[in-house]
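Observations on chain architecture
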Amino acid sequence: MKAQYSEFGIDSRILVLSDEILSGLRARFDGIDDTAESNAAKVLAAMRDNRVDAECFAGTTGYGYNDAGRDTLEKVYASVFHTSAALVRPQITCGTHALALALGANLRPGDELISAVGAPYDTLEEVIGIRPSPCSLAEYGVTYKQVDLLPDGTPDLQALKSAISAKTRLVTIQRSRGYSQRPTLSVAQIGEIIAACKAVKPDVLCMVDNCYGEFVELTEPSDVGADMTVGSLIKNPGGGLAPIGGYICGTRECIERCAYRLSAPGLGQEVGASLGVKTSLYQGFFLAPTVVAGAVKGAIFAAAAYEALGFRAFPPAAQERHDIIQTIELGSAERMLAFCEGIQAAAPVDSYVRPVPSPMPGYESDVIMAAGAFVQGSSIELSADGPMCEPYNVFLQGGLTWFHAKLGVMMSIQKLLEKGLVTL
Ligand SMILES: *Cc1c(COP(=O)(O)O)cnc(C)c1O
């Protein structure tokens, strides 16, 4: 193994550091494997109970009427998420699309939407109309309020309860912190938020943006009362194999509206050919608990290694995980560059490319991104990115295997070492 890693040019001191760190993480990793084992069994049981067979993988074209494999996949998702229905489609192009669909389908003119955990993910600002956009919810007469988190990053349940009014139709709860610096919510915390909402208004809909959170814990937001749980198939639940897609798991009433919005009133879930992607969606879902475990291990390893080198990690290495995102405060533009070069150099695809910062719509500073993925933009695959500004936080996520995540982190340290940006 040492010979293999020196083939990559990794300094032997980095291997020693990695071994030391890993010996301290063994018990932790065992716990992550236990979670993956339990979630893998949950997925397998759902596939067995819904009688998945080879016919499920047959592609359909045109309208996609009677696509039994598509319908069965939705039953499998509904079984795993313990919901009465699910919409799992390649026609849902990404996570933002799935969230926009869930919101647009279940909010009517005059309704009020509340975000229970402060500002939502960047791309939702235009969906909601916080930043004006054609076709935003605001344009269709849906009003918006947000309840900010308390200074310690926990939900302000008192303020949320008083914010809910007769007009409030839907409360959105974002599980992962995304690219903000607040803590990610645990499923238990999400349950408390939902209980608080329903105590004030039993018929208010609670939607959870579950992006980056699937299979990190033993339960999902739908297990603690969410009416809709929403995410992207090129993140956790696609297991790295899904080439496209989004999902919404929830109550039959909510899902039916989502399906009417996705296709057309009256058509709903009956249409939507799955072409040739179903095998990848099934197989990716089958692998997802194991893939997510690798990504979580990679995040913890990165946090521990960089803490050992004197950097601040968020969440800190010792903290329990509720999503797969890891931030490391690198403190300088040179370090951001070197870190991303290391992640890129360890990628299975585009390893010869050197990432450079460039302008991005919606960002004030240039953004740097390292990704060498089989599926374009897939962030369950190992990737790193961040805006080139103080405090020079790099966001690291994914890794289809723990070994790849480990190699990527070691390569990032190697690049810092070569440039004299870190001392060992
Ligand atoms: C990724 C993400 C989204 C949006 O997903 P896209 O697939 O990039 O459109 C929404 N919310 C959170 C928390 C995310 O991490």
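All values reported here derive from a predicted model rather than from experimental measurement.

Our focus in this paragraph is the overall build of the chain. Counting its secondary structure elements, the chain contains 12 helices and 12 strands. For 424 residues, the compact-globule estimate of 2.2 N^0.38 gives 22 Å, and the chain sits close to it at 22 Å. Dimensions along the principal axes, computed over C-alpha positions, put the chain at roughly 65 × 50 × 40 Å. Each of the 424 residues in the chain was classed as buried or not, and the buried ones make up 56%. Looking at the chain alone, contacts between residues at least 24 apart form 70% of all its contacts between residues at least 6 apart. Summing over all exposed atoms, the chain offers an accessible surface of approximately 17,500 Å²; the carbon and sulfur share of this is 55%.

Residue position: Pro 355 is located in the loop between α11 (333-345) and β10 (367-371). Overall, Pro 355 belongs to the buried group, its relative accessible area being 5%. Considering only alpha carbons, one finds Pro 355 and Ile 368, 13 residues apart in sequence, at a separation of 6.7 Å. In contact with Pro 355, not counting residues within four places along its chain, are Leu 337, Cys 340, Glu 341, Gln 344, Ile 368, Met 369 and Ala 370.

Applying the stated rule across the entire model yields zero disulfides. Free of any disulfide, Cys 206 has its nearest cysteine sulfur in Cys 197, 4.3 Å distant.

Between its first and last C-alpha atoms helix α3 (residues 26-49) spans 34 Å; for 24 residues at 1.5 Å apiece the expected length is 34 Å, and the two agree. Its buried side turned inward, α3 meets α2 (12-23), α4 (68-81), α10 (278-308) and α12 (402-418). Arg 51 occupies a position one or two residues after α3 and carries a positive phi of about 50°.

What follows is about empty space enclosed by the protein. For the structure shown, the criterion picks out three cavities of 30 Å³ or more. Its boundaries defined by the atoms lining it, the largest cavity holds a volume of some 60 Å³. Considering the residues around the largest cavity, the lining is formed by Leu 103, Ser 115, Val 117, Gly 118, Ala 119, Pro 120, Leu 124, Ile 128, Thr 172, Ile 173, Gln 174 and Met 207. Mapped onto the lining of the largest cavity, the elements with two or more residues apiece are α6 (124-128) and β4 (168-174). In terms of residues, the lining of the largest cavity owes the most to one element, β4, which gives three residues. Classifying every residue of the lining of the largest cavity gives eight nonpolar, four polar and no charged. The calculated volume of the second largest cavity comes to roughly 40 Å³. Together, Arg 70, Leu 73, Val 88, Arg 89, Pro 90, Gln 91, Gly 272, Ser 274, Lys 278 and Leu 281 line the second largest cavity. Secondary-structure elements contributing two or more residues to the lining of the second largest cavity are α4, β1 (85-89) and α10.

Each value, and the rule that gives it
Residues numbered from 1 in each chain as written. Predicted model: local features only at pLDDT ≥ 70, side-chain atom pairs only at ≥ 80, totals over all residues. Heavy atoms only, no water. Helix = DSSP H or I, 4+ residues; strand = E, 2+ residues; numbered from the N terminus. Rg over C-alpha atoms; globule rule 2.2 N^0.38 Å. Buried < 20%, exposed > 50% of the residue type's maximum accessible area, 1.4 Å probe, protein only. Contact = heavy atoms within 4.5 Å. Areas by Shrake-Rupley, 256 points an atom, 1.4 Å probe, with all protein chains shown as cover. Disulfide = S-S within 2.5 Å. Expected span 1.5 Å × (residues − 1). 1 Å grid on protein atoms, 1.4 Å probe; cavity = no way out; pocket = protein on both sides within 12 Å on 5 of 7 lines; lining within 4 Å. Points joined across faces, edges and corners; volume = space filled by probe spheres on them. Nonpolar A, V, L, I, M, F, W, Y, C, P; charged D, E, K, R; others polar.

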